[in-house]
Amino acid sequence: MSKLPQISEAEFEVMKVIWEYAPISTNEVTEKLTQTTNWSPKTIQTMLKRLVTKKVLTYEKKSRVFVYTPLVQKTEYISQKSNSFLNRYYNGNIVSMLTSYLENDKLSKTEIDTLRHLLSDTHE
């Protein structure tokens, strides 16, 4: 997996909209984000430009409208961020991470049951 560009938390919020609705126009992105954030349209446009510069997004101009599509898939980005988190805080040891969550009551019974089910399905 190649190293993906660093994006900020705010840029990640923009990407979540793009991943869900792409191809999507500037106006559509702005409309969706102004409903869930207090960002101005100008701020959203700036973040879109940054994401294009970082080669996370591409766009096509259709008449007078910019339409965005992702160059990085959501699963690829989240996988890399998850691995980075695991390596940074738990030296790459997933058992240590899960133990930490279990010991601090961070996982519900349902989540633990789901993990049991996943582990039994993948190791039979």
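Notes on the structure in this doc start here.

What counts, and at which threshold
Residues numbered from 1 in each chain as written. Predicted model: local features only at pLDDT ≥ 70, side-chain atom pairs only at ≥ 80, totals over all residues. Heavy atoms only, no water. Helix = DSSP H or I, 4+ residues; strand = E, 2+ residues; numbered from the N terminus. Contact = heavy atoms within 4.5 Å. Areas by Shrake-Rupley, 256 points an atom, 1.4 Å probe, with all protein chains shown as cover. Pairing = 2+ DSSP bridges. Buried < 20%, exposed > 50% of the residue type's maximum accessible area, 1.4 Å probe, protein only. Salt bridge = Lys/Arg side-chain N within 4 Å of Asp/Glu carboxyl O. Axes fitted to C-alpha atoms, helices over the stretch in contact; angles between N-to-C directions. Parallel < 35°, antiparallel > 145°, perpendicular 65-115°, else oblique. Left-handed = near helix turned anticlockwise from the far one by under 90°. Nonpolar A, V, L, I, M, F, W, Y, C, P; charged D, E, K, R; others polar.

### Some words on the overall build of the protein
When you go through the protein residue by residue, the secondary structure sums to 6 helices and 3 strands. The linear arrangement of helices and strands in the protein, starting from the amino end, is α-β-α-α-β-β-α-α-α. With respect to the three principal axes, the spread of C-alpha positions in the protein is 55 × 30 × 30 Å. Partitioning the intrachain contacts of the protein with sequence separation of at least 6 by distance along the chain shows that 50% fall at a separation of at least 24. Counting only carbon and sulfur atoms, one obtains 51% of the accessible surface of the protein, whose full area is about 9000 Å².

### With respect to the pairing of strand β3 (residues 65-70)
Direction of pairing for strand β1 (residues 24-25) relative to β3: antiparallel, over a ladder of 2 bridges. Among the inter-strand pairings, Ile24 is bridged to a residue of β3, identified as Tyr68. Sheet topology note: the strand β2 (residues 57-62)/β3 ladder contains 6 bridges and is antiparallel. When the bridges of β3 are listed, Lys62 appears paired with Val65. As consecutive antiparallel partners, β2 and β3 are separated by 2 residues, and within that stretch Ser63 has a phi angle of approximately 50°, a positive value.

### Some points on the environment of Asp105
Structurally, Asp105 can be placed in the loop between α5 (94-103) and α6 (109-122). Asp105 gets classed as exposed once you look at its relative accessible area, which sits at 69%. Taking the C-alpha atoms as reference points, Asp105 and Thr43, 62 residues apart in sequence, are found 38 Å from one another.

### Some remarks on the pattern of salt bridges
All told, the structure shown has 4 salt bridges when counted by the stated rule. Among the salt bridges present, the one from Glu11 reaches Lys54, with a minimum N-O distance of 2.8 Å. Taken together, the positions of Glu11 in helix α1 (residues 9-21) and Lys54 in the loop between α3 (41-53) and β2 put the pair 43 residues apart, joining distant regions of the chain. For Glu13, the salt bridge goes to Lys16, with nearest N and O atoms at 3.1 Å. Of the two residues, Glu13 and Lys16 both sit in helix α1, 3 residues apart, roughly one turn of that helix. Owing to a relative accessible area of 29%, Glu13 belongs among the partly exposed residues under this scheme. Accessibility expressed as a relative area gives 33% for Lys16, which makes it partly exposed. Through salt bridges with shared partners, a single ionic network connects Lys109, Asp113 and Arg116.

### With respect to the packing of helix α2 (residues 26-36) against α3
Any two packed helices are characterised by the angle at which their axes cross and by the distance between the axes. Remark: α2 packs on α3, axes separated minimally by 10 Å, with the N-to-C direction vectors making an angle of 120°. Considered as vectors, α2 and α3 are oriented oblique to each other. Taken as a pair, α2 and α3 cross one another with a handedness that is right-handed. Contact with α2, carried on its side by Thr26, Val29, Thr30, Leu33 and Thr34, involves Pro41, Ile44, Gln45 and Leu48 of α3 and no other residues of that element. In terms of residue class, the contact of α2 with α3 is built from 5 nonpolar, 4 polar and no charged.

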